[in-house]
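# Analysis of the macromolecular model
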Amino acid sequence: AQSVSQHNHHVILSEAASLELGCNYSYGGTVNLFWYVQYPGQHLQLLLKYFSGDPLVKGIKGFEAEFIKSKFSFNLRKPSVQWSDTAEYFCAVIIASSNTGKLIFGQGTTLQVKP
Amino acid sequence: NAGVTQTPKFQVLKTGQSMTLQCAQDMNHEYMSWYRQDPGMGLRLIHYSVGAGITDQGEVPNGYNVSRSTTEDFPLRLLSAAPSQTSVYFCASSRQGAANYGYTFGSGTRLTVV
């Protein structure tokens, strides 16, 4: 079964610092990858997704992620974080050929941005 | 469009009580799923459905039942609540081909079992 691992559980940054959150998955076949964000007290929102084409994908609010197939990774980046980026971030994966729609999440990374 | 609607938003149960968490979507999505969110564990899949009349177990199905009699509704039943089921529950839906579209999530139900 596929699984997702997020290495950083809690990240604290100052405003304007650069961000990179790690995500690795375990599955040998083709996968589709997602990053979701959960702002305090809110539900999950889709930040960006990758399913084919350019491995560098851009999402909302200046976030981007790079899919590196050889490393089974899909790391999330942002050049300069803002206080409003304080949230929990989840990486998730679906097997591309699956007709079950099973979306499997990582453990999540809590990002705290200090003003 | 209302999207994915979950009720109630908050609930306190006593051990052994049963209840149903409601989930409804108005987007005609074929796929629906239930997750529980616990600190440090991310979101874990409880049950999922690929269409009316079709459900299957996820990673942590024990203690929960689901049914999908209509495309719109996907209720989650706790048969006999236990403190270990204290969690935040999220319902999500997607068009068929969730791999490409991703899921839309409801606002969650915070359940406490005492």
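Here's a quick rundown of the structure. (Residues numbered from 1 in each chain as written. Chains lettered and ligands numbered in written order. Predicted model: local features only at pLDDT ≥ 70, side-chain atom pairs only at ≥ 80, totals over all residues. Heavy atoms only, no water.)

### With respect to the pattern of salt bridges
- In the structure shown here, the tally under the stated rule is six salt bridges over all chains.
- With a shortest N-O distance of 3.2 Å, Glu66 of chain A and Arg77 of chain A are connected by a salt bridge. Taken together, the positions of Glu66 of chain A in strand E8 (residues 64-68) and Arg77 of chain A in strand E9 (residues 73-78) put the pair eleven residues apart, joining distant regions of the chain.
- Its relative accessible area of 23% is what places Arg77 of chain A among the partly exposed residues.
- The shortest N-O distance in the salt bridge between Asp38 of chain B and Arg36 of chain B comes to 2.8 Å. The burial state of Asp38 of chain B is the same as that of Arg36 of chain B; both residues are buried. (Salt bridge = Lys/Arg side-chain N within 4 Å of Asp/Glu carboxyl O. Helix = DSSP H or I, 4+ residues; strand = E, 2+ residues; numbered from the N terminus. Buried < 20%, exposed > 50% of the residue type's maximum accessible area, 1.4 Å probe, protein only.)

### Considering the state of the cysteines
Residues and elements named next belong to chain A.
- This model, assessed by the stated rule, comprises two disulfides over all chains.
- Between the sulfur atoms of Cys23 and its disulfide mate Cys91 the distance is 1.9 Å. Its S-S torsion of about -65° marks the bond between Cys23 and Cys91 as left-handed, since a negative value means left-handed. Remark: Cys91 occurs in strand E10 (residues 87-95) and Cys23 occurs in the loop between strand E3 (19-21) and strand E4 (24-26); sequence separation between them is 68 residues. (Disulfide = S-S within 2.5 Å.)

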